[in-house]
Amino acid sequence: MAPVPQPIGAVAWRAFRALTQQGNVLAALETLHVELGDVFQIPLPGFRVTMLVGPEANRFLLMTDRSQFLWRAENDPVTRLLRHGVLVEDGESHDELRGSMTPSLHRSRLEGYVETMWRCVDQVTKEWDDETPRDQLAEMRKIALLTLTRALFDEDVYPYLKTLWQPILDTIRYISPGPWLVWRNFPRPRSHRAIERMDNYLRQLIAARRASLGEPADLLGELIASGMNDDLIRDQLLTLLIAGHDTSTALLAWALYLLTTHADMYACAQDEVDRVLGVQPPTYQDIGQLSYLDCVIKETLRLYPPIHLGSRIAATDIHFQEYTFPAGTRVMYSIYLTHRRPEDWPEPQRFDPERFAPEQRKRQTPYSFVPFGAGPRNCLGGVFAQVEAKVILARLLQRFDARYVGGVVRPHMAATLEPHPGVMVKMSRRQPVGAG
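In this report, we go over the structure that sits alongside the text. Only a predicted model underlies this, so the values are computations on that prediction, with no experimental measurement involved.

Helix and strand counts for the chain stand at 18 helices and 12 strands. Relative to its length of 436 residues, the chain is compact, with a C-alpha radius of gyration of 22 Å against a globular reference of 22 Å. With respect to the three principal axes, the spread of C-alpha positions in the chain is 70 × 55 × 40 Å. Excluding contacts between residues fewer than 6 apart, the proportion of contacts in the chain whose partners are at least 24 apart in sequence is 71%. Here the chain has roughly 19,200 Å² of accessible surface; of this, 54% comes from carbon and sulfur atoms. Computed over 49 positive and 52 negative side-chain charges, the separation of the two mean positions in the chain equals 3 Å.

Structure, rendered in structure tokens:
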């Protein structure tokens, strides 16, 4: 068996130079991928990772050999935060939790969420004026938070946004990359206070629902009806609240950035929305006709997948290609690098929604596009997220003309892949289509 390639000498120097010049870990990973290939090792002190890239690796990790890997890593910040959330459980525990949550996120329930989604857009945007540029990363976070909590928890978080905003951001920062990856006991008192505040909010929410004795008409009600105790329900709610809204926030902010910096594509998407919706709010049937907007969303997910890395632990000695990964090896697969392989995506850096037109999709390499993972452990809320993105973007295109007024934006590896330092856009209200 061959040794896994490592960055040494000139290769290590070039990766370090890319990191310092662009201020971006992704730039270093791209350099290592070009220099070392689809399998390479990142030997950081206390955090030795084997990185896999490409469709073959995705099929191996997510499908054919998935049973040889574990998701749960006890010392990771994500596990410490979510405790026994569905995202960090393995085996029967995961399957039982997923089974309890799937009905609320099933396609059959999505039609009932569409009105909630566009009404959340209207509630946030009523505060906008035509003259003030706004950071759409922050604005999309508001909309995503309102949408998720209303649809799945039957909770209006809008009155609490000001008090919960910073604790939510600090909780997200707790699971974002940082020095604690290498130094496990790195002090983070601010994050711990934020988590305590989030726990208190969620426990009050659970207690109020138990006291109401209502029918289990949403995800929170179904979790209570399943017989879970409060601790386990807290873990699922926090998993959805943090992972669910943060991924949608990143997707929506990147989509607005890409559309507002490509005027012809913005016009195509807006023309389609006008033709399909007119002056009426979007319905579930309408969004199925927004084919170009669907391509925009998928191309955004290709270029800037919110969850850009997946992590596993080898449960036993594992063989892949000419390499062996001993039991206990942390194996990561890079969705970001896979989505930019020139072998699968010609001119991979270019924003081109037409890549996802029906005739083009037929020619895509299987497992070359995995923004929501694949296989039995694909993203539980992936379908919800795509419907949500179409409804929210359609409503914004219907009601506003957007103009990008910010500077250079780079991807930032937080808990998700965010546009940094933000997406500054001036949103001007439109006359209703057909108005004189």
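Having put the structure on the table, let's press on.
Once that is clear, we can look at a nonpolar patch on the surface. Where nonpolar side chains cluster on the molecular surface, the patch consists of Trp 13, Phe 16, Leu 19 and Val 25 and spans about 380 Å² of accessible area. Of the residues forming the nonpolar patch, the biggest block, three residues, is contributed by helix H1 (residues 9-22). Its location among the elements puts Phe 16 in helix H1.

Right, let's get into the packing of helix H10 (residues 189-212) against helix H12 (residues 230-260). Interhelical geometry of H10 versus H12 gives an angle of 115° and a closest axis separation of 10 Å. H12 is crossed by H10, and the crossing has right-handed handedness. Of the residues in H12, those in contact with Ile 195, Met 198, Asp 199, Leu 202, Arg 203, Ile 206 and Arg 210 of H10 are Asp 230, Asp 231, Ile 233, Arg 234, Leu 237, Leu 238 and Leu 241. Residues that form the contact of H10 with H12 fall into these classes: eight nonpolar, no polar and six charged.

Between its first and last C-alpha atoms helix H9 (residues 161-174) spans 19 Å; for 14 residues at 1.5 Å apiece the expected length is 20 Å, and the two agree. Along H9, the residues classified as buried are Leu 161, Leu 164, Pro 167, Ile 168, Asp 170, Thr 171, Ile 172 and Tyr 174. Of the surrounding secondary structure, the elements contacted by the buried residues of H9 are helix H4 (77-82), helix H8 (136-153), H10 and H12.

With that settled, the discussion passes to the nonpolar core. By size, the foremost hydrophobic cluster in this structure holds 115 residues, and its most contacted members are Phe 40, Leu 152, Leu 237 and Leu 396. Among the elements that take part in this core, H12 stands out by supplying 16 residues, more than any other. Discounting residues that sit within four places of it in the chain, Phe 40 has contacts with Val 4, Pro 5, Leu 29, Leu 32, His 33, Val 49, Thr 50, Met 51, Val 53 and Leu 337. Grouped together as the second largest cluster of nonpolar side chains are 18 residues, Ala 314, Phe 320, Tyr 323 and Ala 374 included.

Looking now at the pairing of strand S10 (residues 410-413). Here S10 shows a buried face lined by Pro 411 and Met 413 and an unburied face lined by Arg 410 and His 412. Sheet topology places S10 next to strand S11 (residues 417-420); four bridges connect them, and they run antiparallel. In the strand pairing of S11, Pro 411 is matched with Pro 419. Taking the residues that link successive antiparallel strands as the turn, the S10-S11 hairpin has three residues.

Inspection of every chain in the model, using the stated rule, returns 32 salt bridges. Residues Glu 35 and Arg 14 are paired through a salt bridge, measuring 2.5 Å at the closest nitrogen-oxygen approach. Taken together, the positions of Glu 35 in helix H2 (residues 25-36) and Arg 14 in helix H1 put the pair 21 residues apart, joining distant regions of the chain. Judged by relative accessible area, which is 33%, Glu 35 ranks as partly exposed. In this structure Arg 14 comes out as partly exposed when scored by relative accessible area, which is 31%. Between Asp 38 and Arg 341 there is a salt bridge; the shortest N-O distance is 3.0 Å. Note that Asp 38 is positioned in the loop between H2 and strand S1 (39-44) and Arg 341 in the loop between helix H16 (335-338) and helix H17 (358-361), a separation of 303 residues in sequence. Residue classification places Asp 38 among the partly exposed residues on the basis of a relative accessible area of 24%. Accessibility expressed as a relative area gives 10% for Arg 341, which makes it buried.

With respect to the helices and strands, the residue Thr 329 is situated in the loop between strand S7 (323-325) and strand S8 (330-334). Given the relative accessible area of 16%, Thr 329 is considered buried. Excluding residues that lie within four positions of it along the chain, Thr 329 makes contacts with Thr 50, Arg 312, Ile 313 and Ala 314.

Bringing the packing of helix H15 (residues 291-303) against helix H18 (residues 382-399) into the picture now. Relative to each other, H15 and H18 sit at 120°, their axes nearing to 10 Å. Relative to H18, the element H15 lies oblique. You can see that H15 and H18 cross each other, and the crossing is right-handed. Touching Leu 293, Asp 294, Ile 297 and Lys 298 of H15 are Gln 386, Ala 389, Lys 390, Leu 393, Ala 394 and Leu 397, all from H18.

Further remarks concern the packing of aromatic side chains. For the structure shown, the criterion picks out 12 aromatic pairs. Put simply, the rings of Trp 254, Tyr 257, Tyr 304 and Tyr 404 pair up and form one aromatic cluster. Note that Arg 340 overlies the ring of Tyr 304, its terminal NZ or CZ placed 5.2 Å from the centroid. Cation over ring: Arg 377 sits above Trp 71, and NZ or CZ is 3.9 Å from the ring centre.

Let us look at the sheet that holds S8. Neighbouring strands of a sheet are bound in pairs by backbone hydrogen bonds; such pairs are parallel or else antiparallel. Spatial strand order, S1-S2-S8-S5-S3: five strands in an open sheet with mixed pairing. The open sheet has two edge strands with one neighbour each: S1 and strand S3 (69-70). Looking at chain direction, S1 and strand S2 (residues 47-52) are connected through six bridges and run antiparallel. Looking at the pairing, Pro 43 lines up with Arg 48 of S2.

Conventions we followed
Residues numbered from 1 in each chain as written. Predicted model: local features only at pLDDT ≥ 70, side-chain atom pairs only at ≥ 80, totals over all residues. Heavy atoms only, no water. Helix = DSSP H or I, 4+ residues; strand = E, 2+ residues; numbered from the N terminus. Rg over C-alpha atoms; globule rule 2.2 N^0.38 Å. Contact = heavy atoms within 4.5 Å. Areas by Shrake-Rupley, 256 points an atom, 1.4 Å probe, with all protein chains shown as cover. Lys, Arg positive; Asp, Glu negative; His and termini not counted. Charge placed at Lys NZ, Arg CZ, Asp CG, Glu CD. Patch = residues over 30% accessible without salt bridge, like charges linked within 9 Å, V, L, I, M, F, W, Y side chains within 5 Å. Salt bridge = Lys/Arg side-chain N within 4 Å of Asp/Glu carboxyl O. Axes fitted to C-alpha atoms, helices over the stretch in contact; angles between N-to-C directions. Left-handed = near helix turned anticlockwise from the far one by under 90°. Nonpolar A, V, L, I, M, F, W, Y, C, P; charged D, E, K, R; others polar. Expected span 1.5 Å × (residues − 1). Buried < 20%, exposed > 50% of the residue type's maximum accessible area, 1.4 Å probe, protein only. Core = buried A, V, L, I, M, F, W, Y, C linked by side-chain atoms within 4.5 Å. Pairing = 2+ DSSP bridges. Parallel < 35°, antiparallel > 145°, perpendicular 65-115°, else oblique. Phe/Tyr/Trp six-rings, centres within 6.5 Å; stacked < 30°, edge-to-face > 60°. Lys NZ or Arg CZ within 6 Å of the ring centre and 35° of its normal.

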